[in-house]
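Descriptive structure summary
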Amino acid sequence: MSKLIPAPWWSLFLLLFWLLLQNTVSFGVTLLGLILAVIIPLYTMRAREYPTTLHRPLLAVQYFLILLVDIILSNFNIAAIILMPKKRIQPALIEFPLDVTGSVPITILASTISLTPGTISAELARDGRSLLIHALNVQDADATVQQIKQRYERRLKEIFQC
Amino acid sequence: MTDLPQWADLLISFFLVLGSSFAFIGSLGLLRLPDFMARLHAPTKNTTLGVGSVIIASMLYFSVTDSLSLHELLIAIFLFLTAPISAHLLAKAGLHLELEMTENTRDLRKKPEQYSDKDH
């Protein structure tokens, strides 16, 4: 990667972020945004402890869209559980063995788990090899683990190649 | 009210009602669910759709009446970034304080010592 733009995706994100913040797209605003998108990564590069590379950007977009749909579904799911009168829920603490490595992928996976149907990531194991998940209503814990593995972790592994 | 076209009127109202319903259900969940960990599920999930819908309504309203307005998306981005993290920290605190969970919670930890502060 070039020295001027050490983290192109980050720069692009900063530019979009700037344009959203300004809520207009004019020449001056875009120019300033471009300058900031170059300067900020250069200046803060040293503070980035966990360098990660996005190997499959298109897959990342797909991941985001899947996540968006799942979040909407999970909202209805939880709403149903809350509104159902006297429905016996079956919570469980589940151990989720991690296949992905690296701080950024694990963070994304943990956040995904918290945002999707019925599960919250509660704790990362000391050795960093598994996540503790609290599930609101599960019958089959292994199925839940497999589902998360198939749906999210597999994709994250491909995106970050870890 | 300003002169909104009827389709926009309906669409905006739809998203506002949807959003506020979900925000309400999320708060109701705090009241109805049995224990601390279960209660965490309601606000993390339902507020995202609640706020999300209100944001969509706001974007629609200002895009129709004024010019294209997208900076509400930033609120959504920050919410998506922060909601799971605050939930994670709360869950972590709950675990370490060993708060009581409802009796039908199944603890399927194989290596509980991996998730504890205490030295075994």
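Rules behind the numbers
Residues numbered from 1 in each chain as written. Chains lettered and ligands numbered in written order. Predicted model: local features only at pLDDT ≥ 70, side-chain atom pairs only at ≥ 80, totals over all residues. Heavy atoms only, no water. UniProt positions renumbered as here; feature names shortened; annotations may be inferred. Helix = DSSP H or I, 4+ residues; strand = E, 2+ residues; numbered from the N terminus. Buried < 20%, exposed > 50% of the residue type's maximum accessible area, 1.4 Å probe, protein only. Polar contact = N/O pair within 3.5 Å; in protein donor to acceptor, adjacent residues only side chain to side chain. Contact = heavy atoms within 4.5 Å. Buried area = accessible area lost by both parts, 1.4 Å probe. Salt bridge = Lys/Arg side-chain N within 4 Å of Asp/Glu carboxyl O.

If you look chain B up in an unreviewed UniProt entry, it shows as Na+/H+ antiporter subunit G from Pseudidiomarina terrestris.

The name an unreviewed UniProt entry assigns to chain A is Na+/H+ antiporter subunit E, from the organism Pseudidiomarina terrestris. UniProt, in the comment section headed Subcellular location (unreviewed entry), describes chain A in these words: "Cell membrane".

**Here we look at the side chain of T112 of chain A**
Residue and element names in this part refer to chain A. Along the chain, T112 falls in helix α4 (residues 103–115). According to the relative accessible area criterion, T112 is buried, its value standing at 2%. Here the side chain of T112 touches Y63 through a polar contact of 2.8 Å, side chain to side chain. If we ignore the near neighbours within four places in the chain, the residues touching T112 are Y63, L67 and Y152.

**Re the interface of chain A and chain B**
Counting residues at the interface gives 50 residues for chain A and 50 residues for chain B. Three residues, I82, L93 and E95 of chain A, lead the burial of chain A against chain B; their summed loss comes to 16% of the area buried on that side. Summed over the shared surface of chain A and chain B, the result is 1 salt bridge. Among the secondary structure elements, those contributing two or more residues to the side of chain A that touches chain B are α1 (8–22), α3 (57–83), β1 (92–97), α4, β2 (119–124) and β3 (130–135) of chain A. The leading source of residues in the side of chain A that touches chain B is α3 of chain A, at 11 residues.

**A look at the UniProt feature "transmembrane region" (unreviewed entry) in chain B**
All names here are of chain B. Look at the UniProt record and you will see "transmembrane region" (unreviewed entry) annotated at residues 12–34, 46–64 and 70–91. Across residues 12–34, the secondary structure splits into 91% helix and 0% strand, with the terminal C-alpha atoms separated by 35 Å. Helix makes up 100% of residues 46–64 and strand 0%, and the two end C-alpha atoms of the span are 27 Å apart.

**What to know about the UniProt feature "transmembrane region" (unreviewed entry) in chain A**
All names here are of chain A. Summarizing the sequence annotation, UniProt attributes the feature "transmembrane region" (unreviewed entry) to residues 12–43 and 63–84 in the numbering used throughout. With 88% helix and 0% strand, residues 12–43 has its two end C-alpha atoms placed 16 Å apart. Along residues 63–84, the helical share is 95% and the strand share 0%, with 31 Å between the first and last C-alpha atoms.

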